[in-house]
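Observations on the model geometry
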Amino acid sequence: MAFGHITSIEERVLIIGVGNTAMDCCRTSRRLGGKDIKVMARRARPFFKASPWELDDAEEEEVQIVINHAPKEFVIEDKKLKGMMFERLEWGPDEKGQLNKSRVVDTVFIPADAVILAIGQEGAFPWIERDIGLEFDKWGMAKVDKTTFMSTRPGVFFGGDAAWGPENIIWAVEHGHQAAISIDNYCQSVPVEKRPPQGMNLSSTKMGIHEWSYSNDYNPATGRR
């Protein structure tokens, strides 16, 4: 929206997912002209990944959050999206007493003109040979050092969701920053454990055609930069 890639959206919008990205999507849809906006969640609110204040802000903008609905299929007529079918779920306790067992109560249709997928994805690395010195855990995720972001194979680095699963995007950015330091060290034959002095920061940066700079010398005593 900020870069002008999209300037409008249909009136009835479904957002699939309830993380902070989903909150960005539903609130942006509102600003782009969406009138009937629903965020569809498989589980109840205590299981949402979105920050509580993000949820509150979305509901303040009259975004409806629909719980216990699992997406089943798109409904398309005459090559045009009409909406989606959802399985309405009821959750019960498992063997450990946790609400992890679900059953389908019924199937419902919810009309929509646009659907935005804001769901997480699992890391999948079947294309990486298992005999090259790169170790994986029981979940199929690479074992990564949390300081250097280097895997067990020297010179191979991971970060973001590919390293430890779903986290906020700001953490992925920080992972990339730290991995870049390690990669630079590695290419210069400097120990990857060596980090910049405490307090070192960037004075400017450039993203695409948009150039901007700012001071990040934050003073916690005054609350000012």
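A few points on the structure. (Residues numbered from 1 in each chain as written. Predicted model: local features only at pLDDT ≥ 70, side-chain atom pairs only at ≥ 80, totals over all residues. Heavy atoms only, no water.)

1. A closer look at the nonpolar core
Considering soluble globular proteins, one finds that nonpolar side chains tend to be buried as a cluster. Within the largest apolar cluster, 20 residues are counted, with the highest numbers of intra-cluster contacts made by I15, M23, C26 and V39. Among the elements that take part in this core, helix α1 (residues 20-31) stands out by supplying four residues, more than any other. Apart from the residues lying within four places of it in its own chain, the contact partners of V39 are I15, G17, V18, M23, C26, V63, Q64, I65 and V66. Within the second largest apolar cluster, eleven residues are counted, among which are F125, I128, F158 and A179. (Core = buried A, V, L, I, M, F, W, Y, C linked by side-chain atoms within 4.5 Å. Buried < 20%, exposed > 50% of the residue type's maximum accessible area, 1.4 Å probe, protein only. Helix = DSSP H or I, 4+ residues; strand = E, 2+ residues; numbered from the N terminus. Contact = heavy atoms within 4.5 Å.)

2. Observations regarding the environment of T21
Among the structural elements, T21 can be located in helix α1. Counting along the chain gives 28 residues from T21 to K49, while the straight-line C-alpha distance between them is 9.7 Å.

3. Digging into the layout of surface pockets
The volume enclosed by the largest pocket comes to roughly 1200 Å³. Lining the largest pocket we find 36 residues, and of these G19, K49, I119, G120 and P166 sit closest to its centre. Where the lining of the largest pocket is concerned, the elements lending two or more residues are α1, β4 (69-77), α3 (161-164) and α4 (169-187). Here the residues of the lining of the largest pocket are counted per class, giving 17 nonpolar, eleven polar and eight charged. (1 Å grid on protein atoms, 1.4 Å probe; cavity = no way out; pocket = protein on both sides within 12 Å on 5 of 7 lines; lining within 4 Å. Points joined across faces, edges and corners; volume = space filled by probe spheres on them. Nonpolar A, V, L, I, M, F, W, Y, C, P; charged D, E, K, R; others polar.)

4. Considerations on the packing of aromatic side chains
Taken as a whole and assessed by the stated rule, the structure comprises five aromatic pairs. When the ring of F125 is compared with that of W127, the centres are 6.1 Å apart and the planes differ by 65°; the resulting orientation is edge-to-face. Under the relative-accessibility criterion, F125 is labelled buried at 11%. Aromatic pair F125 and F158: ring centres 5.6 Å apart, planes at 90°, arrangement edge-to-face. Taken together, the residues span a long stretch of sequence, with F125 in the loop between β7 (114-117) and α3 and F158 in the loop between β7 and α3 at a distance of 33 residues. Joined through ring pairs, the aromatic side chains of F125, W127, F136 and F158 make up one cluster. The cationic tip of K146 hangs over the ring face of W164; the distance from NZ or CZ to the ring centre is 5.6 Å. (Phe/Tyr/Trp six-rings, centres within 6.5 Å; stacked < 30°, edge-to-face > 60°. Lys NZ or Arg CZ within 6 Å of the ring centre and 35° of its normal.)

5. So, the pairing of strand β2 (residues 36-40)
Most of β2 is tucked away, with four of its five residues classed as buried. In the sheet, β2 pairs with strand β3 (residues 64-66) via three bridges, with the strands oriented parallel. Among the inter-strand pairings, M40 is bridged to a residue of β3, identified as V66. A crossover links β2 with its parallel partner β3, the connecting element being helix α2 (residues 52-60), and its sense is right-handed. (Pairing = 2+ DSSP bridges. Right-handed = clockwise from strand over helix to strand, strands pointing away.)

6. Some remarks on the pattern of salt bridges
One pass over the structure, following the stated rule, counts twelve salt bridges. Across the salt bridge formed by K143 and E135, the nearest N and O atoms sit 3.6 Å from each other. One continuous salt-bridge network, built from bridges that share partners, spans R27, R31, E54, D57 and E61. (Salt bridge = Lys/Arg side-chain N within 4 Å of Asp/Glu carboxyl O.)

7. Observations regarding the sheet that holds β3
Strand order in the open sheet formed by four strands is β3-β2-β1-β7, with parallel pairing between adjacent strands. Either end of the sheet is taken by a strand with one partner, and the two such strands are β3 and β7. Within this sheet the neighbouring strands show an average axis-to-axis angle of 20°, counted without direction. Summarising the sheet, strand β1 (residues 12-16) and β2 pair through five bridges and their orientation is parallel. Looking at the pairing, V13 lines up with I37 of β2. (Axes fitted to C-alpha atoms, helices over the stretch in contact; angles between N-to-C directions.)

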